[in-house]
Amino acid sequence: MGHYVRAFTEGSKEQKDLLGGKGANLAEMTRLGLPVPPGFTITTEACRFYLATGTLPPGLEQEVEDHLAALELEMGRSLGDSDDPLLVSVRSGARFSMPGMMETVLDIGLNDESVLGLAAASGNERFAFDSYRRLLQMFGATVLGVDADAFAVELDKLKAERGTYADVELDAADLRGLVATFKEVIRRHTGRDFPQDPREQVHAAVLAVFSSWLTERAVVYRRQEQIPDDLGTAVNVQAMVFGNRGSRSGSGVCFTRDPASGAPGVYGDYLADAQGEDVVAGIRNTVHLTELEAIDKTSYDALLEVMRLLERHYRDLCDIEFTIEAGRLWILQTRVGKRTAEAAFRIAHAMVGEGLIDPDESLRRVTGGQLAQLLFPRFDRSAARELLTIGVGASPGATSGRIALTSARAATWGALGEDVVLVRRETNPDDLPGMIAARGVLTARGGKTSHAAVVARGMGRTCVCGAEQLDIDVERGEVMVSGHTLQEGDVVSIDGTTGEVFLGAVPVTDSPVLRHLEGSSPDEADELVAAVAFVMEHADRVRRLEVRANADTAEDAARARRFGATGVGLCRTEHMFLGPRRELVERLILAADDAAREAALAELQPLQRADFVELLREMDGLPVTIRLIDPPLHEFLPDHTELAVQVALEDSLGKRDERHHTLLEAVARLREQNPMLGLRGVRLGIVVPGLVAMQARAVLEAAADRVEAGGDPRPEIMIPLVATAPELALVRAQVEEMAGSIRADRGVELPVRIGTMIEVPRAALTADEVAQHADFFSFGTNDLTQLTWGFSRDDVEAAFFPTYRDRGILAASPFESIDVEGVGALVTSAADLGRQVRPELHLGVCGEHGGDPRSIHFFERAGLDYVSCSPYRIPVARLEAARARLV
C-alpha cells in the first residue's frame, strides 16, 4: 500500500514533484514555524493513479480519513459539528504553477446543522450563512458541474432587490434566503440535493480537483507553457480560516518586491471582511497593502516580518497569500512570484548585491526569452488603439507605417524616408529590397519559420505572419480585414511579439537595453541597463559555446560584432546575387556556350570579391564562414506563370520579345517538381562549370587583399547540401587548387578552412566518411529538420501543425526548437562520428535553431563549438549559452 497522504509537518520545499508547488511550500512554511493553518497533502502519485485507472489508489480513502481525524484532534473541532464545526478547504497544487486552471473549494464541512453551530460559535450569523452560500456556489460549479452563471444570476437578482451592488451589504436574513435559493439551483440542475455529509463533500472535492487536471483550459495552458501532461496535481486539504468574519478580518496578496519593476518595497492588495477569492475576483475594490498599517498595525508588522523571512529563505521574489481572522494573521500560500522581464533582471542583479545569490544563480533567474522582450520597442499600452486582427508574432518589436503591397513600392517609399509596412500574402526572395526598406512585414500566410519570419528576424525587422483575415488585392491596392477596407498608403501598426495588428499609428517606446547592448548609448545609471550589463558580462565569462552571426553584408557583420558575436557562422552568398546583379545570373543561366558563361562569371567575381573584402574587414581577426551558392538557379529567374502570361500577351499584341522567349524556355527547362531536392548546393557546383571556382576566387582574393592591407582575415568556405564524401572531396579539391594558385600569384599566406553543412540525413549518418574531407561541420538544422521529418517548412505550419499540437502529436514546431529525439540524434551521431576521424573537427550550427534558447541547451550538451544566429538574437544566444552550462 502506498503512502499517498503527507501532513504539512512531513514535507519541505524540495518535494514539489511529490507534494506539488503549493503543498511543498505549505510544508516548508510550517517547518519554519510560520502561522500556517494545519492540513495535509494528497500526493501527485495518487492523482496519476486516478488518471490512469479512473479509481482512487487502494487505501487512499482510509489515509484521508486518518488525516482528517488527526486534523480534528489538533484543531479541537470536528467536521459537521453542530456546536463549533471544523471547516476545510480543498485546493489543487501542481508541480508547476497553473494559476486558475484547476479547482478550489472552500468552506467544506458546512451543512444545514453545522452552519447554525458556526453562527453560534462566532456570534455572527451573517458570516456563517455567507460562508455556506460560498460553499454551495463553489461546490455546485466545480464539483457538481452546475453553470456558475446560475448562481451569479440569483445573487445579482437579490442585490438588485435590495438596491445594492455589494454583497457585503446583504444581511444575515438575505444570505439565509440565498442559501435556500442556491440549494434549489443545485437540485434543479443536478436532480439531487447538496450533500450534507462533510466526508462526502471532501471525497467529491478531491475527485473534482484530480479531474480538473484534464479540463480543456488546463490542457491548453500546459501545452502553451510546455508542462508535461503526465505530472498530475496534488490536493491540499487545510483547516479554514476566515477573512469574512467582520471588520477585523480580511484577506490579501502581497509581493516582497514589485513584480512589474523589481523595485524593493511593500506591494500588494488587501480587502477587509473578505475571503481570498474575493481579492482575485475583483468583486470589490481592494486597498493598497500599506493601508493595512492603519487598519491593523499588529497584523501589518507581522506580515512585513513574514515577507522579509520568506524572501531571505527562498532567496527570491515571493508571492504570498494571507488572511487575517479577527486580528490574527495566517499565511495561506507562498510561491516564487511571476515577474516581468524588467523585474527579473533587476531582482537578479540586486540580490547578488545583497549577498542573497551568487552571479551564477543570477543567470538561472533570467531567460533569453525575457532578454528578447527587453530588446525591442514596444507599443505604449496607455495609448488608444483599434485592433484589426491577430496573426503570429514572428519577429519581435513594434512599428507603424504606410501599407505597401509590393516590394518595389516599399523600396520607393522607404527611399523617400517614409515609414513602411510591407503587406504581402507571403514573401519570397524577390521581396528582399522591400523588406530591407520597410520598418515591418505583415503577411497573410506563414508562421514563425516562414521566409518572411526568418528574413525579418535576421534583419531585426518587426514581423507578423499568418494573419489569415487579411484579404489582399494588389491590383486594386486594397486590404480588407475585419470590416475595414484599407488602401495602399494607409497606416497600420504591428506588434511582432503578440501578433496584433492595429489601425493607424500607435506610439512606441524605445529600448534602452538594445541601445546599451549595441554600444550606441550606454547609460549605466539606468538600473535596468546596469542589471542587464552585469548579467551579460557574467554570461560571457561562463559560457563555453561561441556565438557567431548569420550575416550576409558588412552592415550585418558590424552590427553583429557590436552585439558580441565572435565571428560569422553563415554568410549566404546567393543574397549577393539579388537586385541589379540578377541580370548577370540570368546571363550565366542563359549562356549558350562556355565563353558566354565564363564572361558572366567573370563579371560576377569582382562584385562578390568586393563584398567579401568588406565583410572580412568588419570581422577582422574573427572567423567568417561563407557558404557557396545553395538555392536552385531558377529562383533567380522570373516566375514561370507570370512570364508565360507576359510572353503570351506580347505575342498577341504583335510585340514578340526574343529575350523573354529565351527566358521562358530557360525557366521551363530548369523547373523541378521538388526544387528543394533538386539541382542545388554542392550539385550546382559540380554541374555548372566555373561556379565554384568563381566564388572561391572571390573569397580568396578578398582574403589576400585584407592580408596585404595588414588585416587578419579568417575565411571558412562551406559547401552546402553534401550527401556523400566524394561530393565534398571533388569540390574541396577545386577550392584548394584555387587557393594554391592565388598564394603563388599574390605571394601571401591564405589561412582558409574548408568544411560542409550537415543538412542531409545521409551526410549525418556517414559523417565519419564526410569528415575525412572537412575541417568543420556546420549543422544546417532548417533543411535537416525538413528532410528528417519529410516536412515542407512553409506549408506544414498552416496546413496541419495546429491540429498536431491540439492532438498532442507535437508539443512545439520542430522548426522553432530542435527535435531532440530525431534531428538531435542525427546531430549527436554526426558529431561523434566526425570527431572519431578528426578529433579537432570544429562543430557548429547555423540554422534558425542557433538562436532558440531550448535548442542552445541541446547544442551545449551535444558538445558543439558554436551556434550562429541573426544579429539581433546574439545577446539571447550569449545568455542562453551560459545558462546551458549551469543546468
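Residues numbered from 1 in each chain as written. Predicted model: local features only at pLDDT ≥ 70, side-chain atom pairs only at ≥ 80, totals over all residues. Heavy atoms only, no water.

Student: What's the story with the overall build of the chain in this structure? I'm lost.
Tutor: Counting its secondary structure elements, the chain contains 36 helices and 31 strands. With respect to the three principal axes, the spread of C-alpha positions in the chain is 105 × 65 × 55 Å. Counting across all 887 residues of the chain, residues that qualify as buried make up 56%. At a minimum sequence separation of 6, the contacts of the chain that also span at least 24 residues come to 69%. (Helix = DSSP H or I, 4+ residues; strand = E, 2+ residues; numbered from the N terminus. Buried < 20%, exposed > 50% of the residue type's maximum accessible area, 1.4 Å probe, protein only. Contact = heavy atoms within 4.5 Å.)

Student: Just checking my understanding: could you explain helix α25 (residues 658–670) for this structure?
Tutor: Given 3.6 residues to a turn, an α-helix orients residues that are three or four positions apart in the same direction. For α25, which comprises 13 residues, the first-to-last C-alpha distance of 18 Å matches the rise-based estimate of 18 Å (1.5 Å per residue) to within 8%. Those residues of α25 that sit buried are His 660, His 661, Leu 663, Leu 664, Ala 666 and Val 667. (Expected span 1.5 Å × (residues − 1).)

Student: Even after reading the chapter, I still don't get the sheet that holds strand β27 (residues 714–719), so can you show me in this structure?
Tutor: Adjacent strands of a sheet form backbone hydrogen bonds with each other and so pair up, either parallel or antiparallel. Within the closed barrel, the 8 strands sit side by side as β24-β25-β26-β27-β28-β29-β30-β31. Their pairing is parallel. Adjacent strand axes in the sheet meet at a mean angle of 25°, parallel and antiparallel pairs treated alike. When strand β26 (residues 623–627) meets β27, the two strands line up parallel, connected through 5 bridges. Bridging from a neighbouring strand, Arg 627 pairs with Met 718 of β27. On the sheet, helix α23 (residues 594–618) packs against β25 (568–572), β26 and β27 and is oriented at approximately 150° with respect to β26. The sheet contacts of helix α36 (residues 874–886) involve β24 (546–550) and β31 (866–869), and relative to β24 the element is tilted by about 160°. (Pairing = 2+ DSSP bridges. Axes fitted to C-alpha atoms, helices over the stretch in contact; angles between N-to-C directions.)

Student: What is the right way to look at the nonpolar core in this model?
Tutor: In a soluble, globular protein the nonpolar side chains are often hidden away together inside. The biggest cluster of nonpolar side chains holds 108 residues, and the ones touching the most others in it are Phe 345, Leu 371, Val 532, Phe 777, Leu 864 and Leu 879. The residues contacting Val 532, other than those within four sequence positions of it, are Phe 345, Leu 371, Leu 374, Val 513 and Leu 517. Of all hydrophobic cores here, the second largest spans 57 residues; its members include Ile 108, Tyr 132, Val 143 and Phe 210. (Core = buried A, V, L, I, M, F, W, Y, C linked by side-chain atoms within 4.5 Å.)

Student: Hey, could you run me through the sheet that holds strand β9 (residues 318–325) in this one?
Tutor: Judged by pairing direction, the sheet is antiparallel, and its 5 strands sit side by side in the order β8-β7-β6-β9-β10 without closing on themselves. This sheet does not close on itself; its edge strands, each paired only once, are β8 (287–288) and β10 (328–336). Both strand β6 (residues 250–257) and strand β7 (residues 264–272) contribute to a ladder of 7 bridges, which runs antiparallel. Within the sheet, the bridge partner assigned to Gly 250 lies in β7 and is Ala 272.

Student: Which parts of the structure should I look at to understand the environment of Leu 374?
Tutor: Relative to the helices and strands, Leu 374 resides in helix α15 (residues 368–375). For Leu 374, a relative accessible area of 2% corresponds to the buried category. The sequence separation of Leu 374 and Pro 359 amounts to 15 residues, and the corresponding C-alpha distance is 20 Å. For Leu 374, the contacting residues outside a window of four places in its chain are Ala 341, Glu 342, Phe 345, Ser 511, Val 513, Leu 514, Leu 528 and Val 532.

Student: Looking at this structure, I do not really get the packing of aromatic side chains. What am I missing?
Tutor: Any aromatic ring pair is given by two values, namely how distant the centres are and how the planes are angled relative to each other. Overall, the coordinates contain 16 aromatic pairs when judged by the stated rule. With a centroid separation of 5.6 Å and an interplanar angle of 35°, the aromatic rings of Tyr 50 and Phe 210 are classed as tilted. Of the two residues, Tyr 50 sits in helix α2 (residues 44–53) while Phe 210 sits in helix α8 (residues 198–212), which places them 160 residues apart along the sequence. Of the two residues, Tyr 50 and Phe 210, both sit in the buried class. A ring pair is formed by Phe 379 and Phe 502, whose centres lie 5.7 Å apart and whose planes are at 85°; its orientation type is edge-to-face. Remark: Phe 502 occurs in strand β22 (residues 500–503) and Phe 379 occurs in strand β11 (residues 378–379); sequence separation between them is 123 residues. Among the residues examined, Phe 379 registers a relative accessible area of 4% and is labelled buried. A relative accessible area of 2% places Phe 502 in the buried class. Feature note: the residues Trp 789, Phe 791, Phe 800, Phe 801, Tyr 804 and Phe 815 constitute an aromatic cluster, connected by ring pairs. For the cation-ring pair, Arg 402 lies above Trp 413, with the distance from its terminal atom to the ring centre recorded as 4.0 Å. (Phe/Tyr/Trp six-rings, centres within 6.5 Å; stacked < 30°, edge-to-face > 60°. Lys NZ or Arg CZ within 6 Å of the ring centre and 35° of its normal.)

Student: Explanation requested: the packing of helix α31 (residues 781–789) against helix α34 (residues 823–837) in the structure shown.
Tutor: Pairs of packed helices are described in terms of their axes, by the angle between the two and the distance that separates them. For the pair α31 and α34, the least separation of the axes is 10 Å and the interaxial angle reads 115°. Considering the relative orientation of α31 and α34, their crossing is right-handed. From α31, Leu 784, Thr 785, Thr 788 and Trp 789 reach across to α34, where they touch Val 823, Leu 826 and Val 827. (Left-handed = near helix turned anticlockwise from the far one by under 90°.)

Student: In this structure, what is going on with the pairing of strand β30 (residues 842–845)? I would like to understand it.
Tutor: The two faces of a sheet get side chains in turn, since along a regular strand they alternate between them. Burial of the side chains of β30 extends over both faces: His 842 and Gly 844 are buried on one face and Leu 843 and Val 845 on the other. Here 4 bridges tie strand β29 (residues 776–779) to β30, and the two strands are oriented parallel to one another. Across the sheet, Phe 777 pairs through a bridge with Leu 843, a residue of β30. Where β30 and β31 come together, 2 bridges link them in parallel fashion. Residue pairing for β31: Val 845 is matched across the bridge by Val 867. With helix α35 (residues 853–862) bridging β30 and its parallel neighbour β31, the resulting β-α-β unit is right-handed. (Right-handed = clockwise from strand over helix to strand, strands pointing away.)

Student: How should I be thinking about the side chain of Asp 775 in this particular structure?
Tutor: As for its position among the elements, Asp 775 is in the loop between α30 (767–770) and β29. A distance of 3.3 Å separates the side chain of Asp 775 from the side chain of Arg 732, its partner in a polar contact. Look past the residues within four positions of Asp 775 in its chain and what remains in contact with it is Arg 732, Arg 753, Ile 754, Gly 755, Arg 838, Leu 841 and His 842. (Polar contact = N/O pair within 3.5 Å; in protein donor to acceptor, adjacent residues only side chain to side chain.)

Student: When you look at the pairing of β22 in this model, what are you seeing that I'm missing?
Tutor: As paired elements, strand β12 (residues 386–390) and β22 share 4 bridges and run antiparallel to each other. Within β22, the position partnered with Glu 386 by the bridge is Leu 503. In the sheet, strand β21 (residues 491–495) pairs with β22 via 3 bridges, with the strands oriented antiparallel. Across the sheet, the residue bridging to Ser 493 is Phe 502, located in β22. Hairpin connection of β21 to β22: 4 residues between the antiparallel strands, including Gly 499 at a positive phi of 85°.

Student: For this particular structure, what's the right way to read the pattern of salt bridges?
Tutor: Close approach of charged atoms allows side chains with opposite charge to pair. One pass over the structure, following the stated rule, counts 70 salt bridges. A salt bridge links Asp 552 to Arg 572, with the nearest nitrogen and oxygen atoms 3.2 Å apart. In this pair, Asp 552 sits in the loop between β24 and α21 (554–562) while Arg 572 sits in strand β25, placing the two residues 20 residues apart along the sequence. Comparing Asp 552 with Arg 572 shows no difference in burial state: the two are buried. A salt bridge links Arg 746 to Asp 705; the shortest N-O distance between them is 2.5 Å. Taken together, the positions of Arg 746 in helix α28 (residues 725–746) and Asp 705 in helix α27 (residues 691–708) put the pair 41 residues apart, joining distant regions of the chain. A relative accessible area of 21% means that Asp 705 is categorised as partly exposed. One salt-bridge network, held together by shared partners, links Arg 609, Arg 697, Glu 701, Asp 705, Glu 708 and Arg 746. (Salt bridge = Lys/Arg side-chain N within 4 Å of Asp/Glu carboxyl O.)

Student: What should I look at first to understand the environment of Ile 347 in this one?
Tutor: Its place among the elements puts Ile 347 in helix α13 (residues 341–353). C-alpha separation for the pair Ile 347 and Arg 257, spaced 90 residues apart in sequence, amounts to 8.3 Å.

Student: Can you walk me through α15 in this structure?
Tutor: Of all 8 residues that make up α15, 6 are buried, and the element is covered over most of its length. Those residues of α15 that fall on the buried side of the exposure criterion are Gly 368, Gln 370, Leu 371, Ala 372, Leu 374 and Leu 375.

Student: Honestly, the packing of α21 against α23 in this entry has me stumped. Any pointers?
Tutor: Running from amino to carboxyl end, α21 crosses α23 at an angle of 10°, the nearest separation of the two axes being 8 Å. By the angle between their directions, the pair α21 and α23 is classed as roughly parallel. Packed against α21, whose contacting residues are Ala 554, Ala 557, Ala 558 and Arg 561, the element α23 presents Glu 614, Leu 615 and Glu 618 at the interface. By residue class, the composition of the contact of α21 with α23 is 4 nonpolar, no polar and 3 charged. (Parallel < 35°, antiparallel > 145°, perpendicular 65-115°, else oblique. Nonpolar A, V, L, I, M, F, W, Y, C, P; charged D, E, K, R; others polar.)

Student: What am I meant to see in unusual backbone geometry here?
Tutor: Leaving glycine aside, a negative phi is the common case for residues, and trans is the common case for peptide bonds. The phi dihedral of Asp 107 is positive, around 65°, even though this residue is not glycine. Assignment of secondary structure puts Asp 107 in strand β4 (residues 104–108). Residue classification places Asp 107 among the buried residues on the basis of a relative accessible area of 0%. For Asp 273, which is not glycine, the phi dihedral falls at a positive 50°. In this fold, Asp 273 is placed in the loop between β7 and α10 (276–281).

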